[in-house]
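Below are the chains, spelled out letter by letter.
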Amino acid sequence: MIYEMKISLPFPKQAYAVFFVVILSLVRGVTCSDEIGIALEAPVAILAAAFCADTYTQEVVSRRSEIQRLCPMIKRINSVYRRIVIQDIFLLSVAAAGYGLFFLFQNPEIDGTGSSGLENEACRFLVYFAAVAVTIGFWGLLSNLLSCLFRNMWMGIGGCLLLWLITNSSMGDRYLGAWNLFSYTFRSLENSGDYTWLYGKTACIGIGVIAAAVLPKIIEKRG
Amino acid sequence: MGIKIEDLTVTFKNKVTAINHADLEISKGIFGLLGENGAGKTTLMRVLTTVLSPTGGTVTLDGIRYSEANYEKIQRKIGYLPQEIDLYPGLTVQECLEYMGDLSGIPRQICRERISCYLEKTSLSEHRRKKMKQLSGGMKRRVGLIQAILSEPEFLIVDEPTTGLDPEERIRIRNLLVDFSQDRTVLFSTHVVEDLAATCNRLAVMKKGKFLYSGSMRELVKQAEGHIWVCRAKDESTARQLEKKYHVSSKQYAGDELQIKFISEEPPEMECRSCEATLEDAYIYITSKEP
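About the cut-offs
- Residues numbered from 1 in each chain as written.
- Chains lettered and ligands numbered in written order.
- Predicted model: local features only at pLDDT ≥ 70, side-chain atom pairs only at ≥ 80, totals over all residues.
- Heavy atoms only, no water.
- pLDDT = per-residue confidence, 0-100.
- Helix = DSSP H or I, 4+ residues; strand = E, 2+ residues; numbered from the N terminus.
- Expected span 1.5 Å × (residues − 1).
- Buried < 20%, exposed > 50% of the residue type's maximum accessible area, 1.4 Å probe, protein only.
- Arc of directions from axis to C-beta.
- Contact = heavy atoms within 4.5 Å.
- Lys, Arg positive; Asp, Glu negative; His and termini not counted.
- Salt bridge = Lys/Arg side-chain N within 4 Å of Asp/Glu carboxyl O.
- Polar contact = N/O pair within 3.5 Å; in protein donor to acceptor, adjacent residues only side chain to side chain.
- Pairing = 2+ DSSP bridges.

### Re the confidence of the model for chain B
Residues and elements named next belong to chain B. Looking at chain B as a whole, the pLDDT averages 87, with 100% of positions reaching at least 70. Per-element averaging of pLDDT across chain B places helix α9 (residues 236-245) at the bottom with 77 and helix α3 (residues 93-104) at the top with 94. Our summary of model confidence lists the complex with pTM equal to 0.82 and ipTM equal to 0.84.

### Quick notes on helix α2 (residues 11-27) of chain A
Residues and elements named next belong to chain A. Its 17 residues place the ends of α2 24 Å apart at the C-alpha level, agreeing with the 24 Å of an ideal helix rising 1.5 Å per residue. Within α2 the residues assigned to the buried category are Lys13, Ala17, Val21, Leu24 and Ser25. Angularly, the buried residues of α2 cover 100° about the axis, an arc narrow enough to put them on a single face. Opposite the buried face of α2, at more than 90 degrees from it, the exposed residues are Phe11, Pro12, Phe19 and Val27. Lining the buried residues of α2 we find α1 (2-8), α3 (36-52), α4 (54-61) and α6 (73-106).

### Concerning the side chain of Arg187 of chain A
All names here are of chain A. Residue placement: Arg187 occurs in the loop between α9 (170-176) and α10 (198-222). No salt bridge is formed by the buried Arg187; its nearest oppositely charged neighbour, Asp34, is found at 6.3 Å. A polar side-chain atom of Arg187 sits 2.8 Å from the main-chain carbonyl oxygen of Tyr184. Look past the residues within four positions of Arg187 in its chain and what remains in contact with it is Asp34, Ile38 and Trp197.

### Observations concerning the sheet that holds strand β13 (residues 257-263) of chain B
In space, the 4 strands of this open sheet follow the order β12-β13-β11-β14 (chain B), with antiparallel pairing throughout. Either end of the sheet is taken by a strand with one partner, and the two such strands are β12 (247-254) and β14 (273-274) of chain B.

### Re the pattern of salt bridges
All names here are of chain A. Enumeration according to the criterion identifies 25 salt bridges over all chains in this entry. Two residues, Glu220 and Lys217, come together in a salt bridge whose shortest N-O distance is 3.9 Å. Of the two residues, Glu220 and Lys217 both sit in helix α10, 3 residues apart, roughly one turn of that helix. Overall, the relative accessible area of 45% leaves Glu220 in the partly exposed class.

Okay, here's the thing in structure tokens:
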């Protein structure tokens, strides 16, 4: 596991992810704390896509995949899954820290006062954390899947960017509604009891599970 | 038992035929594969390591036919060092080899013992804590070779392992290959004739996707005997005339004169003497016969 951490999280990658979130928390304006999740979800999605695109393609570029081909498939696949999990955990930590950075730099309004305000905020953070965990997992897996399919990380990033532009738009919101991949971002802030955005996240989980199941076949076929 | 190649053809999507109806048998010991750049050596190795699927013909390894259904069985028997490889730059030598060993399914303790043994043999023990990116080209090749033999495969395929290395590094790699080849098959591809002369008894010569020769080194040299000539030229213009007419294998200043070694099927008209053929001369003789 420690070797996979070293392989999938080199310092430049860690640095650009942290830098991205710091800059975002400085330049993206929020007035209330419930806007923080909206401000973070879509950018973190594209960060996850760029971050995870080379999970396996680094093996192809360095020609290590030619050696790995001789290793048992189960070992190779487990190693790729482990790398994805490591990267997702790192990105999730960065996304959680990003949430805090908005408070640090922008001091947004919190709904409620005293302990009830804190409780509300903790709840809001947990919901954000769960939503963004699904988002990171989905975009990371998709980007890695596309990269493996085309044996090129730019195809993974490009494909994800295209889907990101479609789904993170008013058109995506209009046509996909609660099933949109960014349903958490497009949810109604006024109606806090409306949890229909969970459909979108369920769609992410469903597609993610399929992607995870297809990935071994693609690596086996494409090498 | 060994590798048997029959009527092998590999044609790429762009219609380039890299291997053209080739036949070859490789038995135990070190087998050399010699050929110019672009001859098809790397393509052949990629077929043998199941990276590429052949377009036509059959390949068998220990009697197992190359087909998708058998790839897993075949892959377990092979160790491979590609021509260009960039092993994990952020890991140390020890970590990199442990990681590769783990991927190959070697039990951790056995893997560590083997790593220590091979690091010792390749004089890399003192560099085991260095990161891969800090190593010289020769050291990286040696680590690459260790990863290829770590699982102690029955068949070892090494693609130009000595390219770009200094003489000492080349000797180390050659010696390691010779040590490893006992009771195993090693396919050693190179365009450095000297390396094969120092390690192999049997070899094949490739050109434009075909095998021009396959057999013992002695027989190859014998074929060239009587066709290698040496003459002395007084000036550059005579040397240039010779180069136009014959395949010159070496030129050397001996005092004021140029000593030129060249290949000719027939005795040349000028004053010259026949000389003993080396493997390099034989290689040039064989390849020059094929347009």
